[in-house]
Amino acid sequence: MPVLTLETPNALKEFLGKEIGVSDWLVITQERINKFAEATEDRQWIHMDRERAQRESPFKGTIAHGFLTLSLVSHLIKDVVRISGGTRLAINYGLNRVRFPSPVREGSKIRARFSLVSFQDRGEAQEAVFTCAVECDGSSKPCCVAEWIVRYYK
């Protein structure tokens, strides 16, 4: 699916209550998991020790950190929508809720579906609230569901 390019953040309003699009697939490698573990100092064996994870984990292998999956949302949205003007800065303002319903096994492919929940003028910025459902190829449940707030500064 081609990237949707909008002239200004205001153009997002036409997607209120609708799905904007779906990102491309992204493979979650053990190398990416290890780098995230090092960056966050979360080196739990379920993420890094393949042999032990195969023996002891209910997932029968290493899995990605939930926060790794969540952190990729800002990358995945670039496959879906871009704002070409009308803003000097876009920032990740935070999250209203996040859940990790299923694991992301090492070697899995993920992608994200984005919908627009709300769009408001906040004076110096326009605020978009997106729902993001990150899917894992082969899983019936999403691996991450989040309500994400982005502010576009004029």
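Scoring rules and cut-offs
For every chain, the first residue of its written sequence is number 1, and the numbers climb from 1 along that sequence. Local features are withheld for residues below a pLDDT of 70 in this predicted model, meaning they are given only at 70 or higher, and side-chain atom pairs are given and counted only at 80 or more; totals for whole chains, interfaces and linings count all residues. To get the side-chain values, take all heavy atoms of the structure and skip hydrogens and water. Helix numbers and strand numbers start at the N terminus; a helix is a DSSP run of H or I with at least 4 residues, a strand a run of E with at least 2. Buried means the residue's accessible area, taken with a 1.4 Å probe over protein chains only, is under 20% of the maximum for its type, while exposed means over 50%, and partly exposed covers the values in between. Nonpolar core, defined: a set of buried Ala, Val, Leu, Ile, Met, Phe, Trp, Tyr and Cys residues in which side-chain atoms within 4.5 Å join the residues together. Only heavy atoms matter for contacts: two residues are in contact if any of them lie within 4.5 Å across the pair. Only strands that DSSP links by at least two bridges are regarded as paired with each other.

This paragraph deals with the overall build of the chain. Per the secondary structure count, the chain includes five helices and eight strands. Along the chain, helices and strands appear, N-terminal first, in the series β-β-β-α-α-α-α-α-β-β-β-β-β. With the C-alpha coordinates of the chain rotated into their principal frame, the extents come out at 55 × 30 × 25 Å. For the chain, the proportion of its 154 residues judged to be buried stands at 42%.

What follows covers the nonpolar core. Nonpolar side chains in soluble globular proteins generally cluster together in the buried interior. Formed by 34 residues in total, the largest nonpolar core has its most connected members in Leu12, Ile28, Ile110, Phe114 and Phe130. For this core, the secondary-structure elements that each account for two or more residues are helix H1 (30-40), helix H4 (66-71), helix H5 (73-76), strand E6 (109-121), strand E7 (125-136) and strand E8 (144-153). Setting aside residues up to four positions removed in sequence, Phe114 forms contacts with Lys18, Glu19, Ile20, Gly21, Val73, Leu76, Ile77, Val80, Thr131, Cys132 and Trp148.

Attention now goes to the environment of Thr131. You can see Thr131 is positioned in strand E7. Taking the C-alpha atoms as reference points, Thr131 and Ala112, separated by 19 residues in sequence, lie 9.8 Å from one another. Those residues within four positions of Thr131 in sequence are excluded, and the remaining contacts are Arg113, Phe114, Ser115, Val117 and Ala146.

A word on the pairing of E7. Buried residues dominate E7, accounting for ten of its twelve residues. With eleven bridges joining them, E6 and E7 adopt antiparallel strand pairing. Bridging across to E7, Phe114 finds its partner in Cys132. The antiparallel hairpin formed by E6 and E7 contains three residues in its connecting segment, where Gly123 sits at a positive phi of about 85°. One ladder, built from ten bridges, connects E7 with E8; its direction is antiparallel. When the sheet's bridge partners are listed, Ala133 is paired in E8 with Val145.

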